[in-house]
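Letter by letter, the chains look like this.
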Amino acid sequence: MRNDLSIPGRIAYGLGKGLIAGLAGTAAITIAQMIEMRMTHRKPSTAPIDAAQKVLDVKAINKSKKEKVSNEVHWAYGTSWGLTRGVMDMFGLKGWPASLAHFAAIWGTSLTMLPALKVAPPVKEWGGKTLAKDAMFHLVYIVAAGLVYDALDD
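Since we're looking at a predicted model, the values are computed, not measured. (Residues numbered from 1 in each chain as written. Predicted model: local features only at pLDDT ≥ 70, side-chain atom pairs only at ≥ 80, totals over all residues. Heavy atoms only, no water.)

**Section: the overall build of the chain**
Here comes step 1: Looking only at helices and strands, one finds six helices and zero strands in the chain.
Here comes step 2: What you see in the chain, going N to C, is helices and strands ordered as α-α-α-α-α-α.
Here comes step 3: Taking 2.2 N^0.38 as the reference for a compact globule, 154 residues should give roughly 15 Å; the C-alpha atoms of the chain span a radius of gyration of 17 Å, in line with that estimate.
Here comes step 4: When the backbone C-alpha atoms are referred to their principal axes, the chain occupies close to 50 × 35 × 25 Å.
Here comes step 5: The buried share of the chain, taken over its 154 residues, is 35%.
Here comes step 6: Across the chain, contacts joining residues at least 24 apart in sequence account for 72% of those joining residues at least 6 apart. (Helix = DSSP H or I, 4+ residues; strand = E, 2+ residues; numbered from the N terminus. Rg over C-alpha atoms; globule rule 2.2 N^0.38 Å. Buried < 20%, exposed > 50% of the residue type's maximum accessible area, 1.4 Å probe, protein only. Contact = heavy atoms within 4.5 Å.)

Spelled out as structure tokens, the structure:
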């Protein structure tokens, strides 16, 4: 964190770095998911738009718009999680310890939020393979976001 900036400047700097890191993490997880979908012939998840529809109490107009908006929600959600990394830095949590805490926050939220919104079954019904794949995708996000965040440090 840059100490030569005012407090508002340091906050903006950390949050800006976090958004860039979140964007990089989202790009990485998206690429990993695209590779997995191509290998397994799995269709894209509708969980992002399904969750957004429930939280915002809105409905998609049609299937093609639903797929497009689901992708947009995925990118906005993933990018915004980078802000958490910036906040951690402001409180002195850096490097791999910050990445571990970031992973726990993101994956923990995913494991609780999606079943709570009823857009995914309860975690106990996922099975080991699905749970491991989900953990791997979130680790890809965290590693990419953490590396980019730390690379942006002065």
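**Let's talk about the layout of surface pockets**
Here comes step 1: Of the pockets and cavities examined, the largest pocket occupies roughly 1,300 Å³.
Here comes step 2: Surrounding the largest pocket, 40 residues form its lining, Gln-33, Ser-45, Ala-47, Pro-48 and His-74 being those nearest its centre.
Here comes step 3: Elements that contribute at least two residues to the lining of the largest pocket include exactly α1 (7-40), α2 (47-56), α3 (63-80), α5 (95-116) and α6 (128-151).
Here comes step 4: Considering each element in turn, the lining of the largest pocket owes the most residues, nine residues, to α3.
Here comes step 5: Partitioned by chemical class, the residues of the lining of the largest pocket number 21 nonpolar, 12 polar and seven charged. (1 Å grid on protein atoms, 1.4 Å probe; cavity = no way out; pocket = protein on both sides within 12 Å on 5 of 7 lines; lining within 4 Å. Points joined across faces, edges and corners; volume = space filled by probe spheres on them. Nonpolar A, V, L, I, M, F, W, Y, C, P; charged D, E, K, R; others polar.)

**Focus: the side chain of Lys-17**
Here comes step 1: Topologically, Lys-17 is positioned in helix α1.
Here comes step 2: For Lys-17, a relative accessible area of 4% puts it in the buried group.
Here comes step 3: Here Lys-17 is in contact with Asp-89, Tyr-149, Leu-152 and Asp-153, once residues within four sequence places are set aside.

**What about the pattern of salt bridges?**
Here comes step 1: The tally for this structure, following the rule as stated, stands at seven salt bridges.
Here comes step 2: We note a salt bridge from Glu-36 to Arg-42, for which the minimum N-O separation is 2.7 Å.
Here comes step 3: For Glu-36, a relative accessible area of 9% translates into the label buried.
Here comes step 4: Take Arg-42: its relative accessible area is 30%, and that puts it in the partly exposed class.
Here comes step 5: Across the salt bridge formed by Glu-72 and Lys-68, the nearest N and O atoms sit 2.6 Å from each other. Linking Glu-72 with Lys-68, this pair stays in helix α3, spanning four residues, or about one helical turn. (Salt bridge = Lys/Arg side-chain N within 4 Å of Asp/Glu carboxyl O.)

**Focus on α2**
Here comes step 1: Where α2 is concerned, the buried positions are Ala-47, Ile-49, Asp-50, Ala-51, Ala-52 and Gln-53.
Here comes step 2: Against α3 and α5 lie the buried residues of α2.

**Some words on the packing of aromatic side chains**
Here a ring pair, both rings aromatic, is described through the centre-centre distance and the interplanar angle of the planes.
Here comes step 1: Considering all chains together, one arrives at two aromatic pairs under this definition.
Here comes step 2: Each ring, one from Tyr-77 and one from Trp-81, has its centre 6.2 Å from the other, and the planes form 80 degrees; the classification is edge-to-face.
Here comes step 3: Exposure remark for Trp-81: the relative accessible area of 14% places this residue in the buried category. (Phe/Tyr/Trp six-rings, centres within 6.5 Å; stacked < 30°, edge-to-face > 60°.)

**Details of the packing of helix α4 (residues 82-90) against α6**
A pair of packed helices is characterised by two quantities: the angle between their axes and the separation of those axes.
Here comes step 1: The interhelical angle for the contact between α4 and α6, taken along N-to-C directions, is 50 degrees, at an axis separation of 11 Å. On the basis of the axis angle, α4 is oblique to α6. In the packing of α4 onto α6, the handedness of the crossing is right-handed. On the side of α4, the interface is formed by Gly-82, Arg-85, Gly-86 and Asp-89, while α6 contributes Tyr-141, Gly-146, Tyr-149 and Asp-150.
Here comes step 2: Classifying every residue of the contact of α4 with α6 gives two nonpolar, three polar and three charged. (Axes fitted to C-alpha atoms, helices over the stretch in contact; angles between N-to-C directions. Parallel < 35°, antiparallel > 145°, perpendicular 65-115°, else oblique. Left-handed = near helix turned anticlockwise from the far one by under 90°.)

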